[in-house]
Amino acid sequence: MEFSTQTTLSPHQIKTAALGLGVYADGTLSTAGQALDRAAGGLVSATIKTDFDGAAGATLVLRHLPGIKAERVILVGLGKADQYSPEVHARAELAFAQACVQARVEEAVSELAALPCENSTLHQRAQRAATSYGRALYRYTATFGKPDAEAAPRLNRVTLLVARSHAAEAQKGLKEGRAIANGMDLTRTLGNLPGNICTPRYLADTARKLAKEFKSIKVEVLDQKEIQALGMGSFLSVAKGSDEPPRFIILRHQGKKTGKGSDKAPHVLVGKGITFDSGGISIKPAATMDEMKYDMCGAASVLGTFRALGELDLPLNVVGLIAACENLPSGRANKPGDVVTSMSGQTIEILNTDAEGRLVLCDALTYAERLKPASVVDIATLTGACVVALGHVNSGLFSTDQALADSLQAAGRVSLDTVWQLPIQDAYQEQLKSRFADIANIGGPAAGSVTAACFLSRFTKAYRWAHLDIAGTAWQSGKDKGATGRPVPLLTQYLLDQVR
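Residues numbered from 1 in each chain as written. Predicted model: local features only at pLDDT ≥ 70, side-chain atom pairs only at ≥ 80, totals over all residues. Heavy atoms only, no water.

Novice: Can you explain the overall build of the protein chain? Please cite residues and give values.
Specialist: Looking only at helices and strands, the protein chain has 14 helices and 19 strands in total. Radius of gyration (C-alpha) of the protein chain: 24 Å, near the 23 Å computed for a compact globule of 500 residues. Projecting the C-alpha coordinates of the protein chain onto the three principal axes gives extents of approximately 80 × 50 × 45 Å. Looking at the protein chain as a whole, 59% of its 500 residues are labelled buried. (Helix = DSSP H or I, 4+ residues; strand = E, 2+ residues; numbered from the N terminus. Rg over C-alpha atoms; globule rule 2.2 N^0.38 Å. Buried < 20%, exposed > 50% of the residue type's maximum accessible area, 1.4 Å probe, protein only.)

Novice: Describe helix α13 (residues 448-457), with residues and values.
Specialist: Among the 10 residues in α13, 10 count as buried, and that is most of the element. Among the residues making up α13, those that are buried are Gly448, Ser449, Val450, Thr451, Ala452, Ala453, Cys454, Phe455, Leu456 and Ser457.

Novice: Pulling in residues and values, what's your account of the sheet that holds strand β7 (residues 217-222)?
Specialist: If you trace the eight strands from one edge of the open sheet to the other, you get β7-β8-β10-β9-β13-β17-β14-β15, paired in mixed fashion. For this open sheet the edge positions go to β7 and β15 (419-421), each flanked by a neighbour on one side alone. For this sheet the average axis-to-axis angle between neighbouring strands, irrespective of direction, equals 20 degrees. The sheet contact formed by strand β8 (residues 247-253) and strand β10 (residues 318-327) spans seven bridges and is antiparallel. Looking at β10, one finds that Arg247 is bridged to Ala324. Contacts from helix α6 (residues 200-213) reach β7, β8, β9 (267-277) and β10 within the one sheet, and its direction differs from that of β8 by about 15 degrees. (Pairing = 2+ DSSP bridges. Axes fitted to C-alpha atoms, helices over the stretch in contact; angles between N-to-C directions. Contact = heavy atoms within 4.5 Å.)

Novice: Talk me through the sheet that holds strand β16 (residues 439-440); I want residue IDs and the actual numbers.
Specialist: Strand order in this open sheet of three strands is β11-β12-β16, and the pairing throughout is mixed. Both edges of this open sheet fall to β11 (339-341) and β16, since each of them pairs with a single strand only. In this sheet, strand β12 (residues 347-349) lies alongside β11 in antiparallel orientation, the contact comprising three bridges. Considered in β12, the bridge of Thr341 is made with Thr347.

Novice: Which residues make up the packing of aromatic side chains, and what values go with them?
Specialist: Under the definition given, this model contains seven aromatic pairs. A centroid spacing of 5.3 Å and a plane angle of 20 degrees characterise the contact between Tyr294 and Trp475, whose relative ring orientation is stacked. Taken as a pair, Tyr294 in the loop between β9 and α9 (297-312) and Trp475 in strand β18 (residues 475-476) lie far apart in primary sequence, 181 residues in all. No difference in accessibility class separates Tyr294 from Trp475, as the two residues are buried. Look at Phe455 and Phe459: their rings are 5.4 Å apart centre to centre, the planes differ by 45 degrees, and that puts the pair in the tilted class. Through a chain of ring-to-ring contacts, three or more aromatic side chains come together here, namely Phe3, Phe96 and Tyr133. (Phe/Tyr/Trp six-rings, centres within 6.5 Å; stacked < 30°, edge-to-face > 60°.)

Novice: Describe the nonpolar core, and please don't skip the residues or the numbers.
Specialist: Grouped together as the largest cluster of nonpolar side chains are 53 residues, with contacts concentrated most on Leu190, Leu203, Leu251, Leu269, Leu303, Phe306 and Leu468. In terms of residue count, α9 provides more of this core than any other element does, nine residues in total. Sequence-distant contacts of Leu468, defined by excluding residues within four places in its chain, comprise Val377, Asp378, Ile379, Ala380, Gly396, Leu397, Val419, Pro487, Leu490 and Leu491. Residues Val238, Ile274, Leu361 and Cys386 belong to the second largest nonpolar core, which totals 48 residues. (Core = buried A, V, L, I, M, F, W, Y, C linked by side-chain atoms within 4.5 Å.)

Novice: Give me the lowdown on the pattern of salt bridges, citing residues and values where you can.
Specialist: Counted under the stated rule, the structure contains 19 salt bridges. Across the pair Glu311 and Arg178 runs a salt bridge whose closest N-O atoms are separated by 3.7 Å. Separated by 133 residues along the polypeptide, Glu311 in helix α9 and Arg178 in helix α5 (residues 167-192) bring together distant segments of the chain. By relative accessible area, which is 23% here, Glu311 ends up partly exposed. Across the pair Asp417 and Arg486 runs a salt bridge, and its minimum N-O distance is 2.6 Å. (Salt bridge = Lys/Arg side-chain N within 4 Å of Asp/Glu carboxyl O.)

The structure is reproduced here in structure tokens:
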């Protein structure tokens, strides 16, 4: 996808397959829209009065208007002017992008990002525009025998109409948004791939491909013997039930030698990489077990964020840690009541083998300590309890460092990839007491997402740490079943904020 800006003041002279104009619920057009309406002899405003209510996200296609060089003028609803927000703008951009895809056009021009919006800059709106086009263009074809080439979207170039003095700002936002969209594409495809293809070794190969594509990224992959040498007994206990060998993947993005943050302690992203989760001996119900191929979306989001980092070449040091394995039942698998020893030396009583994500993450978090990090954020599809608490709108945020939590919340608001902070108080630690080990891996049904975060916190006392529970946001079920690409926008924005 190619993006550009245009500074013409005569929209009726723009020759394009699709020209996007914003319309408020009261029928008001922008200055550019009014100029185009005059050139068309008032046909646009007349059509709005009779056929278009301007509801947020609504679209109406007008073809071959007299006096207009654009083949199509696509009206995009913005809702009520006093309720026009960054969220509504992003919805409008996505609606226009989807209309262009449906119309099978190859190039389009849009004024939407240039329209003023409270609590939003042009830079931010241009960034969201690019990610919206990425969402509209994404298609999963990896495991189809004969993908329909004719059905593939044709849109390959989008131009934003902006004032000449704002072109550089818009271009910067478009560059960031395109990188985020490309990272989301990778994350979505990894999440959508079946577990027989997207194995721990496949994730490791994906990381190696990123290192080949981007010079700023270096990758190291540890096999089972090397993981064992590190003393990661908790991680390996989950992996032993499967014939598929585990992998511990270390990605390093080395910032430029010049620039803020290039020689500082790294920011570390830790991803849960359970490429298929049957629940182990504590096996899951069969009905929706196919969706457990998504249990590596934390790892996928780390890889997607690194893809965005590589494209942007940020002057920042970032390390990605991915503990990847399968959780399957076998004669070698963990059993309820087993006690394992983590890399930290803490012993863990496994009361439920389906609470395996925290068992792989705790060793990765212990490994992170040796990096002397500036911050550590782990990302995991960790608990169904978080879905119950927050649904599919906000990812769960837990942190023992309020400044870090505030930074992630701010990044979520800017990227529209939002989080909601939940408590992580010492009182909840009582639920994790064990009579036979230092800690139990579950704390009972009450406050399940909180006690999972409390478990992880025991391995993070040496640094600033936050935990993102993305169980409700990393994928969607139903007729549109698939990975969403979240929280790549949040993570990338958080890292962008570190160099501004």
